[in-house]
Amino acid sequence: MKGSMMDYQLTLSSIVKRAEALFGAKEIITRLPDRSFHRYTYTDFTRRAKKLAVALAKLGVRPGDRVATFCWSHHQHLEAYFGVPMMGAVLHTLNLRLHPDDLTYIVNHAEDRVLLVDKVLLPLFARFQDRIKVEHVVVIDEAGEAPEGTLSYEVLLDDADENAFQAPDLDENDAAAMCYTSGTTGRPKGVLYSHRAIVLHSLASAMAGSLAIQESDVVLPVVPMFHANAWGMPFTATMVGATQVFPGPHLDPVSLLEDYQQEQVTVTAGVPTIWLGLLQTLDKKPGTYDLSRMRALIVGGSAAPEGMIRGFQERHGLTVVHAWGMTETTPLGTVSLLWSSLESEPEDTRYKYRAKQGVPVPLVEIRARGTDGYVPWDGKTYGELEVRGPWVAGAYYNSPESADRFTEDGWFRTGDVVTIDPLGYMEIQDRTKDLIKSGGEWISSVALENALMGHPAVAEAAVIAVPDERWQERPLGVVVLKEGQAATVEELRGWLADRFAKWWVPEAIEFVPEIPRTAAGKFLKSALREKFHNYQPPTAS
Ligand code: ADP
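The structure presented is a predicted model; accordingly, all values stated were derived computationally and were not measured. (Residues numbered from 1 in each chain as written. Predicted model: local features only at pLDDT ≥ 70, side-chain atom pairs only at ≥ 80, totals over all residues. Heavy atoms only, no water.)

Undergrad: Sorry, what's going on with the overall build of the chain here?
TA: A count of helical and extended segments in the chain gives 15 helices and 26 strands. Since a compact globule built from 541 residues should have a radius of gyration of about 24 Å, the 23 Å found for the chain is in line with a globular shape. Structurally, the chain occupies a C-alpha span of about 75 × 60 × 50 Å along its principal axes. Across the 541 residues that make up the chain, the buried fraction comes to 58%. Summarising the internal contacts of the chain: among those between residues at least 6 apart in sequence, 68% fall at separations of at least 24. Put simply, the chain shows about 22,400 Å² of open surface, and 51% of that area lies on carbon and sulfur atoms. (Helix = DSSP H or I, 4+ residues; strand = E, 2+ residues; numbered from the N terminus. Rg over C-alpha atoms; globule rule 2.2 N^0.38 Å. Buried < 20%, exposed > 50% of the residue type's maximum accessible area, 1.4 Å probe, protein only. Contact = heavy atoms within 4.5 Å. Areas by Shrake-Rupley, 256 points an atom, 1.4 Å probe, with all protein chains shown as cover.)

Undergrad: What should I look at first to understand the sheet that holds strand S9 (residues 190-194) in this one?
TA: Neighbouring strands of a sheet are bound in pairs by backbone hydrogen bonds; such pairs are parallel or else antiparallel. Ordered in space as S7-S6-S5-S3-S4-S8-S9, the seven strands form an open sheet in which the pairing is mixed. Pairing within the sheet leaves two strands with one partner each, and these edge strands are strand S7 (151-152) and S9. One ladder, built from four bridges, connects strand S3 (residues 66-70) with strand S4 (residues 90-93); its direction is parallel. Across the sheet, Arg66 pairs through a bridge with Val90, a residue of S4. The strands touched by helix H3 (residues 75-86) are S3, S4, strand S5 (112-118), strand S6 (136-140) and strand S8 (175-180); relative to S4, the strand with the most contacts, the crossing angle is about 145°. Contacts from helix H7 (residues 195-206) reach S8 and S9, with the element oriented near 75° to S9. (Pairing = 2+ DSSP bridges. Axes fitted to C-alpha atoms, helices over the stretch in contact; angles between N-to-C directions.)

Undergrad: How do you make sense of the packing of aromatic side chains when you look at a structure like this?
TA: The description of an aromatic ring pair uses the distance of the two centres, along with the angle that the planes make with each other. Tallied over the full model, the rule gives 17 aromatic pairs. Judged by centre distance (6.0 Å) and plane angle (85°), the ring pair of Tyr42 and Phe45 falls under edge-to-face. Taken together, the residues Tyr42 and Phe45, both in helix H2 (residues 42-58) and three residues apart, mark about one turn of the helix. Each member of the pair Tyr42 and Phe45 is classed as buried. Ring pairs connect the aromatic residues Phe23, Tyr42, Phe45, Tyr81, Phe82 and Phe235, which therefore count as one cluster. The ring centre of Tyr105 lies 4.0 Å from the NZ or CZ of Arg187, which sits over that ring. Between the NZ or CZ atom of Lys356 and the centre of the ring of Tyr353, over which it lies, the distance is 4.8 Å. (Phe/Tyr/Trp six-rings, centres within 6.5 Å; stacked < 30°, edge-to-face > 60°. Lys NZ or Arg CZ within 6 Å of the ring centre and 35° of its normal.)

Undergrad: Sorry, what's going on with the nonpolar core here?
TA: The nonpolar side chains of soluble globular proteins are, as a tendency, buried together. Among the nonpolar cores identified, the biggest contains 90 residues, and Phe82 and Ile298 are the most heavily contacted of them. Core analysis: the second largest hydrophobic core is formed by 86 residues, Val134, Val218, Ala304 and Leu496 among them. (Core = buried A, V, L, I, M, F, W, Y, C linked by side-chain atoms within 4.5 Å.)

Undergrad: Is there a simple way to explain the sheet that holds strand S2 (residues 37-41) in this structure?
TA: With mixed pairing, the nine strands of this open sheet are ordered in space as S2-S1-S11-S10-S12-S13-S14-S15-S16. Both outer strands of the open sheet, S2 and strand S16 (359-360), are each paired with one neighbouring strand and no more. Relative to strand S14 (residues 320-325), strand S13 (residues 296-299) runs parallel, the two being bridged by three bridges. Its bridge partner lying in S14, Leu297 is registered against Val320.

Undergrad: Could you clarify how one ought to interpret the environment of Thr238 in this entry?
TA: Residue position: Thr238 is located in helix H8 (residues 233-240). For the pair formed by Thr238 and Arg18, sequence separation is 220 residues and the distance between their alpha carbons is 8.8 Å. If sequence neighbours within four positions are ignored, Thr238 has contacts with Ile15, Ala19, Phe23, Tyr42, Phe45, Leu78, Phe82 and Gln244. One polar contact links the side chain of Thr238 to the main-chain carbonyl oxygen of Pro234, over a distance of 2.6 Å. (Polar contact = N/O pair within 3.5 Å; in protein donor to acceptor, adjacent residues only side chain to side chain.)

Undergrad: I would appreciate a short explanation of the pattern of salt bridges in the present structure.
TA: If the charged atoms of two oppositely charged side chains come close together, the side chains can form a pair. On inspection of all chains with the given rule, the structure shows 35 salt bridges. Here Lys119 ties to Glu145 by a salt bridge, and the two come within 3.0 Å at their closest N and O atoms. Within this pair, whereas Lys119 is found in the loop between S5 and helix H5 (122-125), its partner Glu145 is found in the loop between S6 and S7, the two being separated by 26 residues in sequence. Overall, Glu145 belongs to the partly exposed group, its relative accessible area being 43%. The closest approach of N and O atoms between Arg310 and Glu314, which form a salt bridge, is 3.2 Å. With Arg310 and Glu314 both in helix H11 (residues 306-316) and four residues apart, the pair spans about one turn of that helix. On the accessibility criterion, Glu314 (48% relative accessible area) is partly exposed. (Salt bridge = Lys/Arg side-chain N within 4 Å of Asp/Glu carboxyl O.)

Undergrad: Whenever I open this one, unusual backbone geometry confuses me. Can you help?
TA: When glycine is set aside, most residues are seen to have a negative phi, and most peptide bonds are trans. Of the consecutive residues Thr330 and Pro331, the connecting peptide bond is found in the cis state with omega at 5°. Following the sequence through the fold, Pro331 ends up in the loop between S14 and strand S15 (332-335). In this structure, Glu111 is a non-glycine residue whose phi angle is positive, near 55°. By the element assignment, Glu111 lies in the loop between helix H4 (100-110) and S5. Of note in this structure, Asn229 is not a glycine but carries a positive phi near 55°. Relative to the elements of secondary structure, Asn229 occurs in the loop between strand S10 (218-221) and H8. For Asn229, a relative accessible area of 1% gives the class buried.

Written as structure tokens, this is what we have:
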């Protein structure tokens, strides 16, 4: 017997309608390239999103067409986040930190018809512009300037009448947006999000017991809008009517701290490399910034070291919330909040749990596959994490060759090696390709990195496998020291020896001025592996 409820489609249009009706006076603030602040209201935003939808239709964009953005995080990008899907087209955010060859591949593979680009990014765009086939290039600039052969975003909007916008009848399973994975594992692959996936993901992000984003929040996603939809925060924030702050191109610690203080930000989100930099700045100038309203620094994208979580909490009273996700999971999968049963545990235990990647949010299921079937939830046995849920990709866009990333029974294989403990907390031990196999046993590079980053002299650390005749592979530590700090290899080895079995401790640690980053700001371990390809440890045993 079927239920008899309304057949109400879960689409982004419903989010816009709600924002229009309820949050008209709330603000959206952008840090512009010249460092000044642009402010406007939700009323301005929804009006301009509709104008964009009308303007795109006038350019010939039809439902299902892909409209790409090559932009920093700002209010026009937010207009595209909603204006494009609202008219039935697909918002395709391009990661501007990718190599021009990858961008060429991605734009052509997605068959983008229109591309919106920031004026300040035109030099970067010029590096692949001639190799892509888009019909219209639309330039975003506050003053409305656009070079010959391109269209001005502001002029297009001026010429469009928002009252002419007619919401198409969208099906919740229609595509709304697409993102390509950064390609740290092979060719970039497209993930095509449906309206339904984004709406449900927004609800899950807004839930208490999850990220709990609500109307009273002032939200600043540091994670760019060109990376995994800024973790869905612009969608979630608009759904609940939170004040939104976009940092534009200014992602350095001091600019962010200025933004946090000036706008009294309550929730912010980014990858650990951002927070490691921010923590160092705060440590140098404690008490300089008023961050009293900040309730959560959401960290994901790679493992948040426990030392960093403690550093923020104990030295600055700031709470780090650790979460895990992927482009393929829209991206929120797990959040590490403490179950009530952990409240009475000693502080050290609580920090250990907070440093795990956490428990799955409602509607996301997890399991881990080991060599002999699915591993028990004992917190010890390694297995590859598999997930499923309404906002998890069921396939890659036009990519039959990647069908092996999905199991026969319809789960997504993440490529992350994890343990799951009896309370359901998942902990990433490694990515399958980063695990170190020494003498037939696995060593978790993530665990070693986190421990190294807990040492007071260490700013950043990555651990990679280097070939070893006897053991097949051994870990090599690659460390960036904090400015003005010193530590010897022996001292760091001793630090690790206090925390791990002897055979886990790397024989060698190299000091470097910096660790190369991926397009998403994570440590680029493949570059380190290349660099230390024929590594001979100075003190090989
Ligand atoms: P990519 O890193 O391939 O460019 P994504 O940004 O989609 O693409 O990253 C997803 C991956 O990031 C996950 O598979 C996982 O390896 C890693 N990741 C995400 N969050 C965390 C976390 N909290 N801790 C450790 N690793 C994480």
